[in-house]
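Listed below, chain by chain, are the residues.
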Amino acid sequence: MTKVTVLDSARNQRAGYRVDVSRGERVGRVASEWFSRPADERYLSLSELHAAVRGRAERSRTRTVESAAIRVEANRDNAERLTLMLPGESAPLAPTHWSFGQLATMVGAPSAYLRQLPAPLAAINLQYGLTSNRAELIKTLEVGDGRAELRAVTSPDYGRIFDQELVAAVQRIAGNGTGDTRWKVPGVLDWSIGIYNPRVDVTKTTTTLYASDRDVFLFLVDDLNPIEAGKLSDGSPDLYFRGFYCWNSEVGAKTLGIASFYLRAVCQNRNLWGVEDFEDITIRHSKYAAARFAHEAAPALTRFANSSPLPYLNGIRTARERIVARSDEERTDFLRKRGFGKLETAKIIETVLAEEGRKPESVFDFVQGITAVARDKPHQDARLDLEGRAKKLLDRVN
């Protein structure tokens, strides 16, 4: 039976721990979010984030209307303002940048071109498209907050999952996301000494809890409880911890999704290092999306949060113990029979030798070599292809 060693949490609060990020994959999804989010889209706790998206949902309403019954209005005195009058309403709706684009796309009009026109001219073109729209029915998402806004325009069958529903599901397992449970905003890797510090203050710079008028994105880890999954070549422990990120858009900008994985570190700009066992689930906002979220996504998140690492660790042990090559000829044959070219094969073997101080012998050695080569690929398709082949090789052992 695999021995699972969890480092003492109190000790990890005082000091970090050494990690080897040359293994596993680098995942840049969280870094992309971190880089692109302005200050007003960054939140310091799950309660703060949930209050914001819940308040927005409570001020919103959705309904289905006939597109031909919508009236587009523009004031000649304000060439930049365009509003929409929905049937049965006395006050106009101001479309957001996002909903204007959705509406234009729905009626087959180029939104970029319409935005360049004075509002009266844009209104004429948009009105014509709405009147002749073959879809006939559209679903709106409106919010009242001082000024009534149209946040989204979708098809009648759009299955909306509100952002606050996803945040609430995360709160059930992560509390405030700041250390009151085992799940929290991640720490930071100090590259100069190779030490990962799980204890950092949650600030606008370090937070990984984001929301805009179009979407929500959350990333949390269990980095105060690292797990030893074997030894490195120098005899030090190979430490992992669990993490997950999830995303949603209640206005149709993206799917709902949850990704779970093991990782070794998170750096200052929120790249994930040493990622292993990456799995994700996505849900399109189709007619039955809400039911799928309730019966698939939310339970999957809870299962991962409460699951034992033993299956994952047993898989690593099996891959490490499975010796498949002891000579240069066997190493070459092992990779070539699995579709790797001559140059790729040589590169994988050289990489393991450089990083581990010995040539690959076990399945785990080869998997680490393949993922290391994948990290250096400049093109994403080539990188994903190699990472997929490495995962498939590991899955076959388990």
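All values reported here derive from a predicted model rather than from experimental measurement.

A. The arrangement of the overall build of the chain in detail. From N to C terminus, the chain includes 13 helices and 19 strands. In terms of overall dimensions, the chain has C-alpha extents of about 80 × 50 × 40 Å along its principal axes. With 398 residues in all, the chain has 49% of them scored as buried. Taking contacts inside the chain between residues at least 6 apart in sequence as the whole, the part at least 24 apart equals 68%. Looking at the chain as shown, the accessible area adds up to about 19000 Å², and 50% of this sits on carbon and sulfur atoms. Considering the chain, the positive charge centre built from 57 side chains and the negative charge centre built from 52 side chains are found 2 Å apart.

B. The arrangement of the environment of arginine 292 in detail. Here arginine 292 lies in helix H8 (residues 289–306). Distance in space between the C-alpha atoms of arginine 292 and proline 378 is 36 Å, their sequence separation being 86 residues. With sequence-adjacent residues up to four places away left out, arginine 292 is seen in contact with Thr282, Ile283 and Ala297.

C. Highlighting unusual backbone geometry. With phi around 70°, arginine 270 is a residue other than glycine that occupies positive phi space. Relative to the elements of secondary structure, arginine 270 occurs in the loop between strand E18 (265–266) and strand E19 (272–283). Notably, aspartate 277 is not glycine yet its phi reads approximately 55°, a positive angle. Looking at where aspartate 277 falls in the secondary structure, it is placed in strand E19. The exposure class of aspartate 277 is partly exposed, given its relative accessible area of 33%.

D. Main features of the nonpolar core. In terms of nonpolar packing, the biggest core is built from 30 residues, with Leu46, Leu49, Val170, Leu218, Phe244 and Phe293 touching the most fellow members. Of all the secondary structure elements, the ones that give two or more residues to this core are helix H3 (46–58), helix H7 (163–174), strand E13 (209–211), strand E14 (216–221), strand E16 (237–248), strand E17 (256–263) and H8. The greatest single-element share of this core, amounting to seven residues, is contributed by H8. Beyond its immediate chain neighbours, meaning those up to four positions away, leucine 218 contacts Leu46, Leu49, Leu166, Val167, Val170, Thr208, Leu209, Phe244, Tyr245 and Cys246. Counting residues in each nonpolar core, the second largest holds 25 residues, with Val30, Leu239, Ala259 and Leu263 among its members.

E. Highlighting the packing of helix H10 (residues 328–336) against helix H11 (residues 342–356). Closest axis-to-axis distance for the H10/H11 pair is 10 Å, and the angle between their directions is 125°. On the basis of their axis angle, the class for H10 and H11 is oblique. The two elements H10 and H11 cross, and the hand of that crossing is right-handed. Across the interface between the two elements, Arg331, Thr332, Leu335 and Arg336 of H10 pack against Lys342, Thr345, Ile348 and Ile349 of H11. Here the residues of the contact of H10 with H11 are counted per class, giving three nonpolar, two polar and three charged.

F. Here's a closer look at a positive patch on the surface. On the surface, Arg322, Lys337, Arg338, Lys392 and Arg396 cluster together into a patch of positive charge. You can see arginine 322 is positioned in the loop between helix H9 (310–321) and H10. Taking relative accessible area as the criterion, arginine 322 reaches 43% and is therefore assigned partly exposed.

G. Quick peek at helix H2 (residues 29–36). Burial in H2 covers these residues: Val30, Ala31, Glu33 and Trp34. Relative to the axis of H2, the buried residues are bounded by an arc of 160° and lie together on one face. Where the residues of H2 are buried, they touch strand E4 (42–43), E13, E14, E16 and E19.

H. Summary view of the confidence of the model for the chain. Taken over all residues, the pLDDT of the chain has a mean of 85, while the share at 70 or more is 92%. When the criterion is pLDDT under 50, residues 1–7 qualifies, and its contacts beyond four places in sequence or with other chains add up to 22 contacts. The low-confidence segment residues 9–13 (pLDDT under 50) makes 10 contacts with residues lying over four places distant or belonging to another chain.

I. Seen up close, helix H12 (residues 363–375). Here H12 is 13 residues long and its end C-alpha atoms lie 19 Å apart, about the 18 Å a rise of 1.5 Å per residue gives. Most of H12 sits out of view: 12 of its 13 residues are buried. The complete set of buried residues in H12 reads Val363, Phe364, Asp365, Phe366, Val367, Gln368, Gly369, Ile370, Thr371, Ala372, Val373 and Ala374.

Calculation rules
Once a new chain begins, its residue numbering starts again from 1 and follows that chain's sequence as written. Under the rules for a predicted model, residues below a pLDDT of 70 receive no local features and side-chain atom pairs below 80 are neither given nor counted, while totals for whole chains, interfaces and linings still include all residues. To obtain the side-chain values, all non-hydrogen atoms of the structure were included, while hydrogens and water were left out. Numbering of helices and strands runs from the N terminus; a helix is a DSSP stretch of H or I covering at least four residues, while a strand is a stretch of E covering at least two. Think of it in three bands: with a 1.4 Å probe and only protein chains considered, a residue is buried below 20% of the maximum accessible area for its type, exposed above 50%, and partly exposed in between. Contacts are assigned to residue pairs with any non-hydrogen atoms lying within 4.5 Å of each other. Residue-level accessible areas treat just the shown protein chains as cover; the underlying method is Shrake-Rupley with a 1.4 Å probe. Charged-residue counts in this description rest on Lys and Arg as positive and Asp and Glu as negative, His and the chain ends being excluded. By convention, charge coordinates are those of NZ in Lys, CZ in Arg, CG in Asp, or CD in Glu. Here the nonpolar core consists of buried residues drawn from Ala, Val, Leu, Ile, Met, Phe, Trp, Tyr and Cys, with membership extended through side-chain atoms lying within 4.5 Å. Only the stretch in contact is used when fitting a helix axis, every axis being a line fitted to C-alpha atoms; angles between N-to-C directions are given from 0 to 180 degrees. With respect to orientation, any angle under 35 degrees is reported as roughly parallel, any angle over 145 as roughly antiparallel, any angle of 65 to 115 as roughly perpendicular, and every other angle as oblique. A crossing counts as left-handed when the near helix is turned anticlockwise from the far one by less than a right angle, and as right-handed when that turn is clockwise. Any residue that is not Ala, Val, Leu, Ile, Met, Phe, Trp, Tyr, Cys, Pro, Asp, Glu, Lys or Arg is counted as polar, Gly included; the first ten are nonpolar and the last four charged. Grouping into patches uses exposed residues only, defined as over 30% relative accessible area, and leaves out salt-bridged ones; the cut-off is 9 Å for like charges and 5 Å for nonpolar side chains (Val, Leu, Ile, Met, Phe, Trp, Tyr). For salt bridges, the criterion is a side-chain nitrogen of Lys or Arg within 4 Å of an Asp or Glu carboxyl oxygen. Note that the arc is defined by the directions from the helix axis to the C-beta atoms. What pLDDT reports is the predictor's confidence in each residue, on a scale of 0 through 100. By this rule, a helix spans an expected 1.5 Å times one less than how many residues it contains.

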